[in-house]
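Spelled out from the first residue to the last, the chains are:
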Amino acid sequence: MMIRVVEASDLLEVLQIEYAVFKFPYPPDLVNFLYANYRETFLVADIGGIKGFLIAIYDEEEGHILSIAVKDDCRDLGIGKALMGHIMSFLREQAVPLVRLEVRKGNARAISFYESMGFRRTEHLPDYYEDGEAAYVMIKHIR
Ligand SMILES: CC(C)(COP(=O)(O)OP(=O)(O)OC[C@H]1O[C@@H](n2cnc3c(N)ncnc32)[C@H](O)[C@@H]1OP(=O)(O)O)[C@@H](O)C(=O)NCCC(=O)NCCS
């Protein structure tokens with residue numbers, strides 16, 4: 001499996017996955033902005049086409065996973081775990097001490113996915129999403 005940094009020619013496939021998977025997808029302008037400004041932490045899983053992606057940002061205090069998605073017919077094959085493994089190694093190399101993310105309270109699958117990678121729930125953020133659903137903040141210390 002090839003996990004690599006995104007290229008301009010991948011963005012259409014990334015957006016197709018984003019729109020297929022999320023009820024409130026990131027608009028193309030935001031995805032383009034993240035590509036232009038945070039390319040080294042914008043990863044794709046390329047397995048004869050883009051099957052998943054992960055977008056993160058970071059500073060010296062923390063890494064923040066903004067989005068991760070795997071095509072629905074490619075789930076449970078280890079693609080999500082491989083994307084997370086790559087970003088965690090990269091952030092560790094940058095001496096980032098902790099990684100944070102938000103997840104919908106009702107997204108049990110994603111919550112177990114993150115827990116399987118050592119993330120723990122910390123805060124509960126009521127009304128976090130556009131439709132009023134709450135989020136859990138999950139964090140993992142990596143140093
Ligand atoms: C969350 C998501 C990225 C996981 O990607 P994936 O490629 O299917 O996950 P993997 O195959 O790498 O699974 C890794 C681990 O997650 C857990 N996991 C995966 N699918 C699971 C499921 N259906 N139920 C419970 N745990 C699951 C397992 O512990 C698994 O570890 P194992 O393979 O050692 O058993 C994917 O399901 C997805 O795109 N979901 C929709 C988008 C989404 O919800 N994104 C997160 C928003 S915060």
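From a predicted model like this one, the values you see are computed outputs, not experimental measurements.

### As for the overall build of the protein chain
Counting its regular elements, the protein chain contains 4 helices and 7 strands. Taken against the 2.2 N^0.38 rule, which gives 15 Å for 143 residues, the C-alpha radius of gyration of the protein chain at 14 Å falls within 12% of a compact globule. Counting every position in the protein chain, which comprises 143 residues, the buried fraction comes to 27%. When contacts within the protein chain are restricted to residue pairs at least 6 apart in sequence, those whose partners lie at least 24 apart make up 59%.

### Re the environment of L34
Inspection of the secondary structure puts L34 in helix α2 (residues 28–37). Remark: the alpha-carbon pair of L34 and I57, spanning 23 residues in sequence, is separated by 8.6 Å. With near-sequence residues (within four places) excluded, L34 lies in contact with F42 and I55.

### Re helix α1 (residues 11–21)
Restricting attention to buried positions, one finds in α1 the residues L11, V14, I17 and E18. Looking down the long axis of α1, one finds its buried residues gathered within 125 degrees of arc, a one-sided arrangement. Exposed positions of α1 whose direction lies more than 90 degrees from the buried face are L12, Q16, Y19 and A20. Residues of α1 that are buried make contact with α2, β2 (42–46), β3 (50–58) and β4 (63–70).

### Some details on the sheet that holds strand β7 (residues 135–141)
Overall, mixed pairing links the 7 strands, which are arranged β1-β2-β3-β4-β5-β7-β6 in an open sheet. The open sheet is flanked by β1 (2–5) and β6 (120–125), the only strands paired with a single partner. Taken pair by pair, the neighbouring strands of this sheet meet at an average axis angle of 25 degrees, ignoring direction. Pairing of β2 with β3, which is carried by 5 bridges, proceeds in the antiparallel orientation. Bridged to V44 within β3 is F53.

### A look at the pairing of β4
Across the 8 residues of β4, 6 count as buried, placing the element largely inside the fold. Direction of pairing for β3 relative to β4: antiparallel, over a ladder of 7 bridges. Looking at β4, one finds that A56 is bridged to I65. Linking β3 to β4, which pair antiparallel, is a turn of 4 residues. As paired strands, β4 and strand β5 (residues 98–104) are joined by 3 bridges and run parallel to one another.

### Quick word on the environment of R4
Position of R4 among the secondary structure elements: in strand β1. Looking at R4, the number of C-beta atoms within 10 Å reads 11, which means it is exposed. Along the backbone, R4 and D46 are 42 residues apart, and their C-alpha atoms lie at a distance of 7.5 Å. In this view, R4 contacts L43, V44 and D46; residues no more than four positions away in its chain are not counted.

Cut-offs and rules
Residues numbered from 1 in each chain as written. Predicted model: local features only at pLDDT ≥ 70, side-chain atom pairs only at ≥ 80, totals over all residues. Helix = DSSP H or I, 4+ residues; strand = E, 2+ residues; numbered from the N terminus. Rg over C-alpha atoms; globule rule 2.2 N^0.38 Å. Buried ≥ 20, exposed ≤ 12 C-beta atoms within 10 Å, placed from the backbone. Contact = placed C-beta atoms within 7 Å. Arc of directions from axis to C-beta. Pairing = 2+ DSSP bridges. Axes fitted to C-alpha atoms, helices over the stretch in contact; angles between N-to-C directions.

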